[in-house]
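# An overview of the molecular structure
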Amino acid sequence: MKEGTLIYIFKDNHVLLAMKKRGFGAGKWNGTGGKLKSSETPMAGAIRETKEEVGVEVSLTEPHGKIHFHDPKGAEWMVYVFRTEVFYGEPYETEEMRPQWFTLDDIPYDQCWADDIVWLPLLIAKKKFEAEIWLANDGSLKKHDIKEL
């Protein structure tokens, strides 16, 4: 199973999302994150990816959520989801992502991954969770199972 991270930075009544500019997920708003390197912990990978993608350093504790993704092509992913309000520096655009602050009432779910609508509200509410997500070939949400912890 492949492992990855997602990181969401919160400030006041806002969340930092980043528009993916190239590669997998291009054209979608998302948190920062990506694939873990072979000997990397989820926390180390999350910190590295956030610095690479939007130029800020984050302070993280344990993951707030875990999502087991079932890819329609057969790949399995375990993604560790982090949230933080502690970061250093101002987010800036990189070759890979264009960051933007959104109010919590104005998240563009129609431009995010289809599954975000079912678990991101839990992350916003600071509720820990575990989820299984099945996506269809077209990227739509096929099925999901979420447990609050």
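Values in this document were obtained by computation on a predicted structure and should not be read as measured data. (Residues numbered from 1 in each chain as written. Predicted model: local features only at pLDDT ≥ 70, side-chain atom pairs only at ≥ 80, totals over all residues. Heavy atoms only, no water.)

## Here we look at the overall build of the chain
Secondary structure summary: the chain contains two helices and 10 strands in total. Helices (α) and strands (β) of the chain occur, in sequence order from the N terminus, as β-β-β-α-β-β-β-β-β-α-β-β. Reported as C-alpha extents along the three principal axes, the dimensions of the chain are approximately 40 × 35 × 30 Å. Looking at the chain as a whole, 44% of its 149 residues are labelled buried. Positive and negative charge centroids in the chain, built from 20 and 25 side chains respectively, lie 3 Å apart. (Helix = DSSP H or I, 4+ residues; strand = E, 2+ residues; numbered from the N terminus. Buried < 20%, exposed > 50% of the residue type's maximum accessible area, 1.4 Å probe, protein only. Lys, Arg positive; Asp, Glu negative; His and termini not counted. Charge placed at Lys NZ, Arg CZ, Asp CG, Glu CD.)

## Focus: the nonpolar core
Core analysis: the biggest nonpolar cluster contains 22 residues, and Tyr-8, Ile-67, Val-81, Trp-119, Leu-123 and Phe-129 have the highest contact counts within it. If you list the elements that add at least two residues to this core, you get strand S1 (2-11), strand S2 (14-20), strand S5 (65-70), strand S6 (76-84), helix H2 (116-124) and strand S9 (129-135). Of all hydrophobic cores here, the second largest spans 14 residues; its members include Leu-60, Met-78, Tyr-80 and Phe-87. (Core = buried A, V, L, I, M, F, W, Y, C linked by side-chain atoms within 4.5 Å.)

## Some details on the side chain of Arg-83
Take Arg-83: it is sitting in strand S6. Separated by 3.1 Å, the side chains of Arg-83 and Glu-85 make a polar contact. A distance of 2.5 Å separates a polar side-chain atom of Arg-83 from the backbone oxygen of Leu-123. If sequence neighbours within four positions are ignored, Arg-83 has contacts with Tyr-8, Phe-10, Leu-60, His-64, Leu-123, Ile-124 and Lys-126. (Polar contact = N/O pair within 3.5 Å; in protein donor to acceptor, adjacent residues only side chain to side chain. Contact = heavy atoms within 4.5 Å.)

## With respect to the environment of His-68
Here His-68 lies in strand S5. The exposure class of His-68 is buried, given its relative accessible area of 15%. A C-alpha to C-alpha distance of 9.8 Å links His-68 and Asp-145, two positions 77 residues apart in sequence. Within polar-contact distance, the side chain of His-68 engages the side chain of Glu-76 at 2.5 Å.

## Points about H2
Every buried residue of H2 is accounted for by Asp-116, Trp-119, Leu-120, Leu-122 and Leu-123. Buried residues along H2 cover an arc of 155° about the axis, so they all sit on one side. Against the buried residues of H2 lie S1, strand S3 (29-30), S5, S6, S9 and strand S10 (141-148). (Arc of directions from axis to C-beta.)

## As for the pattern of salt bridges
Taken as a whole and assessed by the stated rule, the structure comprises 10 salt bridges. Glu-93 is the partner of Lys-21 in a salt bridge, and the nearest nitrogen-oxygen pair spans 2.7 Å. Taken together, the positions of Lys-21 in the loop between S2 and S3 and Glu-93 in the loop between strand S7 (87-88) and strand S8 (97-103) put the pair 72 residues apart, joining distant regions of the chain. For Lys-21, a relative accessible area of 37% puts it in the partly exposed group. In this structure, Glu-85 engages Lys-126 in a salt bridge whose closest nitrogen and oxygen atoms are separated by 3.5 Å. Taken as a pair, Glu-85 in the loop between S6 and S7 and Lys-126 in the loop between H2 and S9 lie far apart in primary sequence, 41 residues in all. You can call Glu-85 partly exposed: its relative accessible area is 48%. Three or more residues joined by partner-sharing salt bridges are found here, namely Glu-40, Arg-48, Glu-49 and Glu-52. (Salt bridge = Lys/Arg side-chain N within 4 Å of Asp/Glu carboxyl O.)

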